[in-house]
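# Close look at the chain arrangement
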Amino acid sequence: MELVKITVTVNGQRYEREVPPRLLLSDFLREDLELKGTHVGCEHGVCGTCTILVDGVSVRSCLMFAVQADGGKIETVEGLGTVEKLHPLQQAFREKHGLQCGFCTPAMLMVSKELLDRNPNPTHEEIRESISSNLCRCTGYQTIVEAVELAAQLASGGSHERT
Amino acid sequence: MKPPIFEYRRPATLNEALDLLREYGGDAKVLAGGQSLVPMMNLRMVHPEVVVDINRLSELDYIRLDGRTLAIGALTRHQALLESEEIAKGCPLMSEAYRYVAHLPIRNRGTLGGNICHSDPSSEMPAVLLACDAHIVVASHSGVRQVAINDFLLGPLQTVIEPNEIVTEIRIPLHSQDEGWAFKEVSARQGDFAMAAIGTILRISGGEITRASIAVVGMGDRAARLSGVEQFLLKQRVSKSLFAEASAKAAELVNPDSSHQASAGYKRSLVETLVARTLADAAGRSNA
Amino acid sequence: MNAPNTQENAHIPPSCQREKPQKDLKWIGKSMARVEDQRLLTGHGGYIDDIKLPNMAHAAVLRSDRAHAKIVSIDVSKAKALPGVLLVMTGEDAKKVTGPTAQFASPPVIQYCIAVDRVRHVGEAVVAVVAESRYIAEDACDLIEVVYEDLPVVVDPEEAIHCTGDAILHPDRGPTNVARQEKFVFGPVEDDFRNADRIIERRIRWPRSGGQPMETAGAIAEYQSGTGTFSIIANTSFLNYVGWIIAASLGVPSHKVKIATCTTGGSFGSKLFTHKIITLTATLARACGRPVKFIEDRLDNTMNCDAHGCDRVYYGQLAIKNDGTLLSMKFKVIDDYGAYLQFGLGTHGNALCQVTGPYSINSVAVELIAVLTNKCQQGAYRGFGSEVANFFIERMVDAAADELGIDRIEIRKKNLIQPDQFPYTIPTGNIYDSGNYQLVLETAIKLAGLDDWKRQKEEAKSQGRFVGIGIATCQERSVFSATEFWSLNPKDTPGFMLTSTPESVQIRIDPTGKALVTLASPFWGNSPETVATQIVAEQFQMSPEDIVIMYADTSTGFDSAGPGGSRFTVMIAGAIVGAAQVLKKKIIRIASEMLQADPADLEIRDSGVGVKNDPQRHKTIAEVALASHYFRLSFPRGDDFATGLQASYVYDHPLTTMPAADRSSLGIYYPIMGHMCHLALVEVDIGTGKVKILDYVAVHDAGTVVNPMTLDGHIRGGTAQGIGTALYEEFFYDESGQLLTASFADYLIPTLHEIPDKIRVDHVETPSPYTEYGIKGGGEGGRMAAPAVLAAAVEDALATFCVKVNELPLTPNRIHALIHNN
């Protein structure tokens, strides 16, 4: 089986790999690059658990082949922040209890990053629209929206009362 | 659910793509956004031997005004169309319909060309194009042809495209300022495929209907125009009772199958409701 | 506070509560940010599919495409020949080395990890393949040829009762698909029915849905041939409860199987005991000589999760007086368990713990019919049967109100158990430990602003819109006892009558004073590390920063039944208090030596021990710990001062009694009784049949609340699943047994748009007299009321059409039919 050479930049780091054409981008990230933060929920594009950013826009990584990402700039949850230095979104999710089992969380964080990158002051409705592309089975979504609202405040340097 | 093995080709130009399709013909599948094709491959419902990835053909990604025609490159992403001012002005029916199409990550990748080639009977854009009397430009090494959308769509997953052809452009007559439009859909959840959807365009002059274009989604093998209703409406004076009668007629004209999700009777009632509502909105928007 | 010492309460054992509810707690009752979050937020969750072992191979499963068929032949030759394939195993192959997997029904319903001789539902495993990658394993599955001989298919629970001949799924068990049929009478039902002014009758249909967490189930197994030992990692619970049964299936002694758990991406009951997946993966690992990973993909999961929810038909009768008093109920319930019966009649036992709801209904008669059909088997799904019982009784009460022309809220008020009646024994023998249902109702009505809702409804009516209000007042039991699994079994085959439902903890204070707390049950998305941290912090008056939570596997963990039945917080609190008492006694003894003070004069405070009323004389826990670990000779002789600071504790269910021999009472088995009132304001678009939830209020009484923020998360998340159950979700099998709702495109989990923007939540706390701090469980709650309240609200909205909601889900299609068929 012919392998295809690809070069991808993931969270700022360059990788050169040879991959089979049918390797899904989700599996490439998880298995070849050992970036386990992107999760797999359905592999038919409905649940959104695998959502990452490719060239700045949100994409279902289970619906792309790794070969298609050649030359692309990929962002996953691992690039957002670390335990020592959490991204405002991560801080806000923790504060607002925007996660329970955590499985949908990386995807929720990435679509929220896409939103805030484009629009640092989204309205409540815009946040709802962004989150609605991903399924969560634990939270009922309300605290996820509240987390993104808080993150927008934190990111713009606003202070807030911990409620 | 992992896809089966395939050979991968990634042409850099349209010409290269056409070379590949000429070479591989029916063994190949064109990969554009992948939002319809890849799930089917993951579910192993399709097993193409060769996948021709046309995502590098930036020459097919554009929105242009060509006289009184909107020319949309086949590789234009749904999200670009949703955000486009030109589309909002030039084909407001499409803009309104995009409110119902999937979710952002799907729209970021999915393309208009890919969507109509996939010809899903529950998809919105074929109906929009039908209502607007669009034409599809199809290219191969043998030449270029234009096909009216109504002739282009054959049935579920079936169009008139030959194995050596690619859709390159979608051409839509520019929206006329005096026309009203409305697109409404009922789906199980927000963003799901339509259980039923109606796209309506009305032109009203002096209280009289001079153009009626109504397309329906979800009632058969493909989106369709409700020409019987259109004929009924033409030259009639706008009134609530006219619209009620037209809606009832629409419900009679469609011939849906029953499914677990929606009985035939329910689908008919959806058609009636949505035709009534889109007619009202379209009339309201037209500069009668 | 113990049960009042009356003759009425003579059957209630005394409370063994050690920690009373208190107002001035430092950690308990606070919305502390979660300890679990950091790793989850940064992409280091450690879920089963994140784990990689050296030389690991991957499994895929070929599944049956038909609902009921004999397996005539399987040709695996092409699959075996595919490069990269390591092993192909049929059910016959597996049966040679691996026996049936775990099941708790009696008489048993035998099941194997791969089907043997016949398949009994679409999606059942027929062949397993191990290969270098999942991709290749699936390629191999495509090359396998199976020849089936079709057998008759049954998918309707009522039809299943009458099946004969080849339609019988388990002919070895008997010539019927009825797994159990029995009548139970609790109290003077016939007398009560004779006293009634009217009998309300209703048929209710509750079809199956399922938890379907975002993460599917999976396992990684390794077999060390040198020691004959299996080492397994799985996102399962029950590992330290009945995990050894896996060894029995594998044909090895129990100490040859080690099971460890990992971070789990949601369960809602579905991962209670993933015995088939674990047994299969271990079998494959042994056979192929390499570690094997098997992760369900989404279709594996919807078709064969072995965790579909209840699938019931109720024929109910409610005996009432004309003034609205509810006297008695009778019902026949037919439950379609699918092709197997792994948890026996547990979901029925569960339902009977609160079958009369929050009402003072005097007696109950039940005819229980459990049938087997060609569907995936049932497992546990948030509510485990009680959510259906709640739906049933609320529909009956609404019907009673409507027939009498009484307001639906008034009829409830009339029949709610009074605050001074607790502990309250219901006809089935279970007790409700404490409550104030009137206060919960009042709080909910006030929070909703019911008068404003009524105004909105009237205004909508004048505009030709259809708006309705629904109410549900429901019980929310917590902390199950194992007796529910077998108490309904036949008397001559009662099965394994286990009575232990424990939870354990190990606490070790290390030489620098840090608390290492080991749980024996997994993280599911409930917040075990956080609540354990809060309770440990409270017990030792130490900072959560100094506490770490770890997980034991089956070689290091003590008896623990794990999360489920909303039990975990209550049970871990009991275990922690137990272990802490032992440790604190020792800490005080050591400190008394160090401070030269009498132990009676010492108290735990400020991350250490100090002399009461003397702020200066204090030793930190770190100082005590260092001394204890290293300076044995500084302390007196005797076991009290042995080196080290650790204790373990196994906490048993605080209040269980045996069922009566004749089953006229099922005993006390689910007494820690929460309660909730949900109110919903909905609008129905009669042109499309779509339901919009305009406003939603949930008031819950979960006793003393450990972490209000995480409890609210469960209330909202549970309510969201309840909305899914009520309006969107169904595992629908057509007449030929094909599952039409297998993919996520068809099985409709609510997105954000289907859930109200704000579910408004409030709490009432009536502490339990029986649990530590008076905590009650609240993890399942919202799902147990939402279907009832939404059904009621839709009925109210469509009252002009005389619509009665007797069946779920309330899809637009169904609503259209309800409106137009009347």
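Scroll up a little and you will see the structure.
Source: prediction; values computed, not measured. (Residues numbered from 1 in each chain as written. Chains lettered and ligands numbered in written order. Predicted model: local features only at pLDDT ≥ 70, side-chain atom pairs only at ≥ 80, totals over all residues. Heavy atoms only, no water.)

## What about the interface of chain C and chain A?
In plain terms, the rule: In this analysis, two residues are considered to be in contact whenever any of their non-hydrogen atoms come within 4.5 Å of each other. Accessible area that two parts lose when put together, with a 1.4 Å probe and added across both, is what the buried area reports. We call two N or O atoms a polar contact when they sit within 3.5 Å, provided that within protein one can donate a hydrogen and the other can accept it, with sequence-adjacent residues counted only if both atoms are side-chain atoms. Only DSSP runs of H or I with at least four residues qualify as helices, and only runs of E with at least two residues qualify as strands; both kinds are numbered from the N terminus onward. Under the convention adopted here, Pro, Cys and the residues Ala, Val, Leu, Ile, Met, Phe, Trp and Tyr are nonpolar, Asp, Glu, Lys and Arg are charged, and Gly plus all remaining residues are polar.
Residue-level contacts link 55 residues of chain C with 51 residues of chain A. Of the roughly 4,600 Å² buried where chain C meets chain A, counting both sides, 55% is carbon and sulfur surface. When the buried area of chain C at its contact with chain A is split by residue, Leu41, Tyr135 and Leu752 of chain C rank highest and sum to 18% of it. At the junction of chain C and chain A, the tally comes to 27 residue pairs in polar contact (both at pLDDT 80 or more). Only helix H1 (37-41), helix H4 (134-142) and helix H19 (708-728) of chain C provide two or more residues apiece to the side of chain C that touches chain A. Of the residues contributing to the side of chain C that touches chain A, the split by class is 23 nonpolar, 19 polar and 13 charged.

## Some thoughts on the sheet that holds strand S14 (residues 224-225) of chain B
Residue and element names in this part refer to chain B. Stated formally: Only when DSSP finds a minimum of two bridges between them are two strands counted as paired.
If you trace the 4 strands from one edge of the open sheet to the other, you get S11-S12-S13-S14, paired in antiparallel fashion. Edge positions in the sheet fall to strand S11 (179-187) and S14, since each of these pairs with one other strand and no more. Two strands pair when backbone bridges link them, and strand S12 (residues 194-205) and strand S13 (residues 208-217) are joined in this way by 9 bridges, in the antiparallel orientation. What sits directly across from Ile204, in S13, is Ile209.

## Some points on the pattern of salt bridges
Note on pairing: side chains with opposite charge can pair once their charged atoms come close. All names here are of chain C. Note the cut-off: Take a side-chain nitrogen of Lys or Arg and a carboxyl oxygen of Asp or Glu: if they are within 4 Å of each other, that pair is a salt bridge. Each residue is assigned to one of three classes by its accessible area relative to the maximum for its type, calculated with a 1.4 Å probe on protein chains only: buried under 20%, partly exposed between the two thresholds, exposed over 50%.
This structure, assessed with the given rule, holds 92 salt bridges over all chains. Ionic pairing is found between Lys293 and Asp49, a salt bridge with its closest N-O pair at 2.9 Å. Of the two residues, Lys293 is situated in strand S12 (residues 292-295) and Asp49 in the loop between H1 and strand S1 (57-63); the sequence distance between them amounts to 244 residues. Glu190 is the partner of Lys330 in a salt bridge, and the nearest nitrogen-oxygen pair spans 3.3 Å. Separated by 140 residues along the polypeptide, Lys330 in strand S14 (residues 326-336) and Glu190 in helix H6 (residues 189-194) bring together distant segments of the chain. A relative accessible area of 44% means that Glu190 is categorised as partly exposed.

## Some thoughts on the packing of helix H4 (residues 124-131) of chain A against helix H5 (residues 142-155) of chain A
Residues and elements named next belong to chain A. Rules: Lines are fitted to the C-alpha atoms to define the axes, a helix being fitted only along its stretch in contact, and any angle between axes, read from their N-to-C directions, falls within 0 to 180 degrees. Just so you know how the angles are binned, under 35 degrees is roughly parallel, over 145 roughly antiparallel, 65 to 115 roughly perpendicular, and the rest oblique. Should the near helix be turned anticlockwise from the far one by less than a right angle, the crossing is left-handed, and should it be turned clockwise, the crossing is right-handed.
The geometry of H4 relative to H5 is characterised by a closest axis approach of 10 Å and an angle of 125° between their N-to-C directions. By the angle between their axes, H4 is oblique relative to H5. Where H4 crosses over H5, the handedness of that crossing is right-handed. Along its contact with H4, which presents His124, Ile127, Arg128 and Ile131, the element H5 presents Ile144, Val145, Val148 and Glu149. When the residues that make up the contact of H4 with H5 are grouped by side-chain class, the tally is 5 nonpolar, 1 polar and 2 charged.

## With respect to the interface of chain B and chain C
Taken together, the contacts link 24 residues of chain B with 28 residues of chain C. Across the chain B/chain C interface, buried area totals approximately 2,100 Å², and carbon plus sulfur atoms make up 56% of it. Considering only the surface of chain B that becomes buried against chain C, Met1, Arg189 and His260 of chain B emerge as the three largest contributors, covering 32% of it. The tally of links between chain B and chain C comes to 4 salt bridges. Inspection of the region where chain B meets chain C yields 14 residue pairs in polar contact (both at pLDDT 80 or more). Secondary structure elements with two or more residues in the side of chain B that touches chain C: S11 and helix H12 (264-285) of chain B. The element contributing the most residues to the side of chain B that touches chain C is H12 of chain B, with 6 residues. Class assignment of the residues belonging to the side of chain B that touches chain C gives a composition of 11 nonpolar, 8 polar and 5 charged.

## Remarks on the packing of helix H16 (residues 528-540) of chain C against helix H17 (residues 568-595) of chain C
All names here are of chain C. The interhelical angle for the contact between H16 and H17, taken along N-to-C directions, is 30°, at an axis separation of 9 Å. Between H16 and H17 lies a crossing of right-handed hand. Here H16 contributes Pro528, Val531, Ala532, Ile535, Val536, Gln539 and Phe540 to the contact with H17, which in turn contributes Phe568, Thr569, Ile572, Ala573, Ile576, Val577, Ala580, Leu583, Lys584 and Ile587. Across the contact of H16 with H17, the residue classes tally to 14 nonpolar, 2 polar and 1 charged.

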